[in-house]
Amino acid sequence: MPWPEFGFAGVRLWGAIYWAEINSAPGIYDWSRFDEILVAAQRNQVDVVFNLAFTPRWAASVPDAAPAFSRGASSPPSDIRHWEAFITAALQRAAGRIRYWEIWNEPEDPNYYSGDVATMIRLQQRAYEIIKDSDPSLQVITPSFIGTADGFRWQAEFLAAGGGKHADIIGFHGYWDDPKPEALIPIMVRLKTLLEQHGLAGKPLWDTEAGWPATLNDQDLQAAFVARSYLLRWLYGVDRFYWYAYEGGGASFGKLWDAKLGLLRAGHAYRTVQRWLVGAMPSGPVDQNGGVWSLPLDLQDGRSALAVWMTDGKSNFASGSAYDRYETLDGASHAVVNDAVEIGPMPVLLIAKAI
């Protein structure tokens, strides 16, 4: 696969390389894939999130634990010294090329993590201590949970027991079985309330993995999902959002690029909304009037703009006389005619007249 056509700031290595793949026996490491990835990241000037996760079977406390990757991988290590040795070796091998270190992945799912919360907190604490001793500027992310009932139960127990103290960044995964990204708003609000309750509201909040539901097959709605997902996370104070995934996760959900077709509509939407939001600031609250959503923002170049969409159907939107152009998710620019534009599930960006 070629490097993505559009620019982005960071890449998360979940799905690309695991502890179990690197550390085949005590003191034995194969860094070939690890090095290859870091060289590519450096060459393309993107920062890296590396997941410390998936125990080698020889180090697992339950060697036959059900796998999401390989036997024993979901199990915590039988001896925390195995964990400490791997983290130390990975830090030495990375040599400053990895800035962000995320602990595990979706720990509420026993296929990913079959231990208990107390053990995960101990793993988090030791990872944090070792990483910070190596370089205080490196950043540690909590295990990212999904906002289901099981996920919130796990996260609440983790935070109540002090797990958030051993991290610089709070992670979550914004998956939800709804074709409308707006369904995630109550999840983000609930998570922020939980962080406030535990004195963690000042820490950055990252969505380290999410994409559209696997049942969303319409390409226009996929493009709409990408754009609205980024607009809403940006509005609700999510500091970073890692889309899953450029080539597609599992089968084709989240897919932005195809080897035969190139950049798909969803990929064009990603590139366009990135251009809208980088360096921009919200200039007012989002307005919801029935199924019509509008979000005012000040663009990086100082112009005022308004992102507008409908959750269902299409309609004419009275833009008023302040806006003379609008952009669509394919990146095209159009003139506003008669102070109105047609809107639908794919957001458009109204841009104010130059002063």
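Structure: see above.
Cut-offs used in this document
- Residues numbered from 1 in each chain as written.
- Predicted model: local features only at pLDDT ≥ 70, side-chain atom pairs only at ≥ 80, totals over all residues.
- Heavy atoms only, no water.
- Phe/Tyr/Trp six-rings, centres within 6.5 Å; stacked < 30°, edge-to-face > 60°.
- Helix = DSSP H or I, 4+ residues; strand = E, 2+ residues; numbered from the N terminus.
- Buried < 20%, exposed > 50% of the residue type's maximum accessible area, 1.4 Å probe, protein only.
- Lys NZ or Arg CZ within 6 Å of the ring centre and 35° of its normal.
- Salt bridge = Lys/Arg side-chain N within 4 Å of Asp/Glu carboxyl O.
- Pairing = 2+ DSSP bridges.
- Right-handed = clockwise from strand over helix to strand, strands pointing away.

Undergrad: Where do I start with the packing of aromatic side chains in this structure?
TA: Think of a pair of aromatic rings as described by two things: how far the centres are apart, and how the planes are tilted against each other in angle. Using the criterion set out here, one finds 33 aromatic pairs in the structure. Between the aromatic rings of W14 and Y112, the centroid separation amounts to 6.0 Å while the plane-to-plane angle is 75 degrees, which identifies the pairing as edge-to-face. Placement of W14 in the loop between β1 (10-12) and α1 (19-22) and of Y112 in the loop between β3 (100-103) and α4 (117-134) is noted, with a sequence separation of 98 residues between them. For W14, a relative accessible area of 9% gives the class buried. Over the ring of F152 we find R190; its NZ or CZ atom is 3.9 Å from the centre of that ring. Here R233 stacks its cationic end above the ring of F241, 3.9 Å away from the centre of that ring.

Undergrad: Help me understand the pattern of salt bridges, please; the structure alone is not making it clear to me.
TA: When the charged atoms of two side chains with opposite charge come close together, those side chains can pair. Scanning the model with the defined rule gives 18 salt bridges in all. Between D35 and R93 there is a salt bridge, and its shortest N-O distance comes to 2.5 Å. Of the two residues, D35 is situated in helix α2 (residues 32-43) and R93 in helix α3 (residues 80-94); the sequence distance between them amounts to 58 residues. Of the charged contacts in the structure, one is a salt bridge between D35 and R97, with a shortest N-O distance of 3.6 Å. Residue D35 is found in helix α2, and its partner R97 is found in the loop between α3 and β3; the two are separated by 62 residues along the sequence. The buried category is assigned to D35, whose relative accessible area is 18%.

Undergrad: Even after reading the chapter, I still don't get the pairing of strand β7 (residues 205-210), so can you show me in this structure?
TA: Every other side chain in a regular strand lies on the same face of the sheet, so the side chains alternate between the two faces. Burial within β7 is extensive, with six of its six residues counted as buried. Alignment of strand β6 (residues 170-173) against β7, held across three bridges, turns out to be parallel. The partner of G171 across the bridge, within β7, is W206. The β-α-β motif built from β6, the intervening helix α6 (residues 185-197) and the parallel element β7 has right-handed crossover chirality. With three bridges joining them, β7 and strand β8 (residues 240-243) adopt parallel strand pairing. Each residue of the ladder has a partner; that of D207, found in β8, is F241. On the question of chirality, the crossover connecting β7 to the parallel β8 by way of helix α7 (residues 219-235) is right-handed.

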